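Read off the chains here:
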Amino acid sequence: MTTSNAAIADLTVSASTLESDSFLSFFLSLLPPHQIHVSVIAASSKSKAKGEQSSSLSLQSGSSTLTSRNAVLLALSSLALLNRLDNYPYYLLGGYAEGAKSSTEAAMVLSSISSYLELAHDMRNSGLSGDSSDEEERKGFFLKGLDEILETNAFLVGHTFRPTLADYDVFYALCEMLSGKKDHESSTMGFGSDSILEQYLHLKRWVVAVQQSAHELVMYQQDVKKSIDPKIPFVNFSLEDPVPVFCYGEDLEQMEETAAASVVDGKKVSTAKKNDRKQVSSPSNGSNEAKDGAAQKSGKDAVGGKKELSEEEKKLAAEKRAKKAAEKKAKKMAKGDDNGQTGQKKDVKAPSSSSDAEMNATALDIRVGKILDVWEHEASDKLWCEKIDIGESEPRQILSGLRAFYKKEDMQGRVVLVLCNLKKRNLVGVPSHGMVLCASNKEHTAVEFVVPPEGAKIGERLTFEGLIGEPEPENKVQKKKILEKLLPDLKTDDNGVVVWKGVKCLTSAGACVAVNGMKDAQVS
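All figures in this text were calculated on a predicted structure; none of them were measured in a lab.

Parameters at a glance
All residue numbers refer to position in the chain's written sequence, counted from 1. Given that the model is predicted, a residue must reach a pLDDT of at least 70 before its local features are reported, and side-chain atom pairs must reach 80 or more before they are shown or counted; all residues, however, enter totals for whole chains, interfaces and linings. Side-chain metrics in this entry use all non-hydrogen atoms of the structure; hydrogen atoms and water are not considered. One requirement defines pairing of two strands: DSSP has to find at least two bridges between them. Numbering of helices and strands runs from the N terminus; a helix is a DSSP stretch of H or I covering at least four residues, while a strand is a stretch of E covering at least two. Between buried and exposed lies partly exposed: a residue is buried under 20% and exposed over 50% of the maximum accessible area for its type, with that area taken using a 1.4 Å probe on protein chains only. For this analysis, residues touch if any pair of their heavy atoms sits within 4.5 Å. For our purposes a nonpolar core is just a set of buried Ala, Val, Leu, Ile, Met, Phe, Trp, Tyr and Cys residues, chained together by side-chain atoms within 4.5 Å. Each residue after the first adds 1.5 Å to the expected span of a helix. Centres within 6.5 Å make a pair out of two Phe, Tyr or Trp rings, where for Trp the six-membered ring is used; the pair is then stacked when the planes are under 30 degrees apart, edge-to-face when over 60, and tilted otherwise. To define axes, lines are fitted to C-alpha atoms, for helices over the stretch in contact only, and angles between the resulting N-to-C directions are given on a 0 to 180 degree scale. We define a salt bridge as a side-chain nitrogen of Lys or Arg found within 4 Å of a carboxyl oxygen belonging to Asp or Glu. Here is the rule for angles: anything less than 35 degrees is roughly parallel, anything more than 145 is roughly antiparallel, 65 through 115 is roughly perpendicular, and the remaining ranges are oblique. Each residue gets one of three labels, nonpolar for Ala, Val, Leu, Ile, Met, Phe, Trp, Tyr, Cys and Pro, charged for Asp, Glu, Lys and Arg, and polar for the others, Gly among them. Put simply, a crossing is left-handed when the front helix is turned counterclockwise from the back one by less than a right angle, and right-handed when it is turned clockwise.

Student: Describe the pairing of strand S1 (residues 9–14), with residues and values.
Tutor: Judged from the six bridges that link them, S1 and strand S2 (residues 36–41) form a sheet pairing that is parallel. Residue Thr12 lies in a different strand from S2, and its bridge partner there is Ser39. The sheet contact formed by S1 and strand S3 (residues 57–61) spans four bridges and is antiparallel. Within the sheet, the bridge partner assigned to Leu11 lies in S3 and is Leu59.

Printed below as a string of structure tokens:
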């Protein structure tokens, strides 16, 4: 069974491996079918007669071949065009694939994901599918450990805001361990209302979150024809209200003030230490006063206690917050940062990109470039290597996964748009410093350059109509995950014009467009 023609790599998996590894079925259903060529090999009649089972998994990309399951999963998560499975909405490697070699934080996250894949393997092969007292005790060891980790983390790997490859693999391994099944359909695979997880609050919350995320990823690809059925376990229990959430920074400070003002039986309720991450109940109606809830059941003191605040106590807490806000404002005025003190209006600038809500496309350094030279990557038949003039003292070397879409003669001398404020990184051993922008359809079967109009100057920086601001430095783009936040909204409109949230992308000569007029396409 073959899904499509390969664009990047060939993956071969035996039918017996796919049947016995339910997570692998889910993972393979997420692969871009026009980039990864998947072949499912059925057992031969001879091996069936001998009662043998083929159990193989092999990934080949260029001259490299991987056969270890976990190595294949990690490679595929970062191998697809433009790290597709580590970008919106997947983030299977937490969004850290690009920074693996240049960032200590990224290296730690990827190492942690790898460790959890090994844990999932141990859970599957621990022999804990029975109901003996010894096996129940060993199950409890795994469950308690996971529950303790999830008490202060939304997901298994720190510094991640969505489930990663680690969460999904451990989720499936946990389901198999508790049900004692591996070879089964999704309709019979899952967590029932009588699940042992009922006594593990944090683990239970995580199971619901991961299962919902798995369904979201499959729904995201509902228009893409698939030949592999994702097997997502069911979750047949509900969470107590309110669902635990995690609060950080100023939210915690405000709750500390509220807690300090609350009194139960003449004594102050214990408060959370500043900057410590604590699990608390969901705030009610926008208030920072926490209700009784899951945090109390986990053995922790809920911020705010059991007694509702009196009107006097609420007033005291509000006064403290107002006082703190006034002190902050006074400090700004003392530095001359407040418009009211100077009496002068400041120049209108784009909001700081430190705020996700205010960040806009001016944080991206997109310039007009001209491809001066093109050659084939020696170790990859999918990559072009290019020397591109972007107005700097020396041309930049940039690698693009476009050999499936453009011939060398189509690249040479081409005027393109280049995203420049990316850190230099190696692609299959060759340095690349930047990214050539292209428009592509949802299935990535059609890709075309986005280009400036004739007359645009080489090296000029693109602007966005009505937006003013400066690009962020390379290290901040990576650290703050600016690409992940902005690129999903960089598209072509119904006229093929490049826009960000409907705002046109401009040069001094006019608007930028998809070279063949591709409409309503993603630009990346």
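This is not the end of the story, as more comes after the structure.
Student: Kindly report on the environment of Phe155, identifying the contributing residues and their values.
Tutor: Mapped onto the elements of the fold, Phe155 is located in the loop between helix H6 (133–150) and helix H7 (165–179). For Phe155, a relative accessible area of 11% corresponds to the buried category. Each C-alpha atom, one on Phe155 and one on Val207, is 9.9 Å from the other, the two residues being 52 residues apart in sequence. Every residue in contact with Phe155, bar those within four places of it in the chain, is listed here: Leu150, Thr160, Phe161, Arg162, Pro163, Asp167, Trp206 and Ala209.

Student: Account for the nonpolar core, with residues named and values stated.
Tutor: Ranked by size, the top nonpolar core spans 63 residues in total, and within it Leu11, Phe27, Leu174 and Trp206 carry the most contacts. A total of ten residues in this core trace back to one element, the largest contributor, which is H7. Within the second largest apolar cluster, 30 residues are counted, among which are Met359, Ala363, Leu486 and Cys505.

Student: Which residues make up H7, and what values go with them?
Tutor: Across its 15 residues, H7 extends 21 Å between first and last C-alpha, which sits within 8% of the 21 Å expected from 1.5 Å per residue. Across the 15 residues of H7, 13 count as buried, placing the element largely inside the fold.

Student: How would you sum up the sheet that holds strand S12 (residues 384–389)? Please name residues and give values.
Tutor: Read across the sheet, five strands follow the order S13-S12-S11-S14-S17 without closing on themselves; strand pairing throughout is antiparallel. Strands with a single pairing partner mark the edges of an open sheet, and in this sheet they are strand S13 (396–400) and strand S17 (435–436). Bridge analysis of S12 against S13 gives five bridges, and the strand direction is antiparallel. Across the sheet, the residue bridging to Cys385 is Leu399, located in S13.

Student: Could you give an account of the packing of aromatic side chains, naming the residues involved and the relevant values?
Tutor: Counted according to the given criterion, the structure contains nine aromatic pairs. Centre to centre, the rings of Phe23 and Phe26 are 6.3 Å apart; their planes meet at 45 degrees, and the pair counts as tilted. Placement of the pair is Phe23 and Phe26 together in helix H2 (residues 22–30), with a separation of three residues, close to one helical turn.

Student: Which residues make up helix H8 (residues 201–220), and what values do they have?
Tutor: For H8, spanning 20 residues, the distance from its first C-alpha to its last is 29 Å, which sits close to the expected 28 Å at 1.5 Å a residue. Most of H8 is tucked away, with 14 of its 20 residues classed as buried.

Student: Just give me the short version of the sheet that holds S1, but keep the residues and values in it.
Tutor: Strand order in this open sheet of four strands is S2-S1-S3-S4, and the pairing throughout is mixed. Lying at the two open borders of the sheet, with one neighbouring strand each, are S2 and strand S4 (64–66). Each strand axis lies, on average, 15 degrees off the axis of its neighbour in the sheet, ignoring direction. Here S3 pairs with S4 via three bridges, running antiparallel. Across the sheet, residue Gln60 finds its bridge partner in S4, namely Thr65.

Student: Describe the pattern of salt bridges, and please don't skip the residues or the numbers.
Tutor: A complete count under the given rule lists eleven salt bridges for this structure. The partner of Arg69 in a salt bridge is Asp169, and the shortest N-O contact between them spans 3.0 Å. In this pair, Arg69 is assigned in helix H4 (residues 69–79) and Asp169 in helix H7, connecting sequence segments 100 residues apart. Here Glu176 ties to Arg124 by a salt bridge, and the two come within 3.0 Å at their closest N and O atoms. One end of the pair, Glu176, is in helix H7; the other, Arg124, is in helix H5 (residues 104–124), and 52 residues separate them in sequence. For the pair Glu176 and Arg124, one class covers both residues: buried. Counted as one network, the salt bridges with shared partners bring together Asp21, Arg69, Arg124, Asp169 and Glu176.

Student: Outline the packing of H5 against H7, supporting the account with residue identities and numerical values.
Tutor: For the pair H5 and H7, interaxial distance at closest approach is 9 Å and the crossing angle is 10 degrees. Comparing the axis directions of H5 and H7 gives the class roughly parallel. Between H5, through Ile113, Tyr116, Leu117, Ala120, Met123 and Arg124, and H7, the contact on the second element is made entirely by Leu165, Ala166, Asp169, Val170, Tyr172, Ala173, Leu174, Glu176 and Met177. Taken together, the residues of the contact of H5 with H7 sort by class into twelve nonpolar, no polar and three charged.

Student: Before we move on, can you summarise the packing of H2 against H7 with the specific residues and values?
Tutor: Put simply, H2 and H7 touch, their axes get as near as 9 Å, and they point 145 degrees apart. Handedness of the H2/H7 crossing: right-handed. Contacts between H2 and H7 involve Ser22, Phe23, Phe26 and Phe27 from the first element and Leu165, Tyr168, Asp169, Tyr172 and Glu176 from the second. Across the contact of H2 with H7, the residue classes break down as six nonpolar, one polar and two charged.

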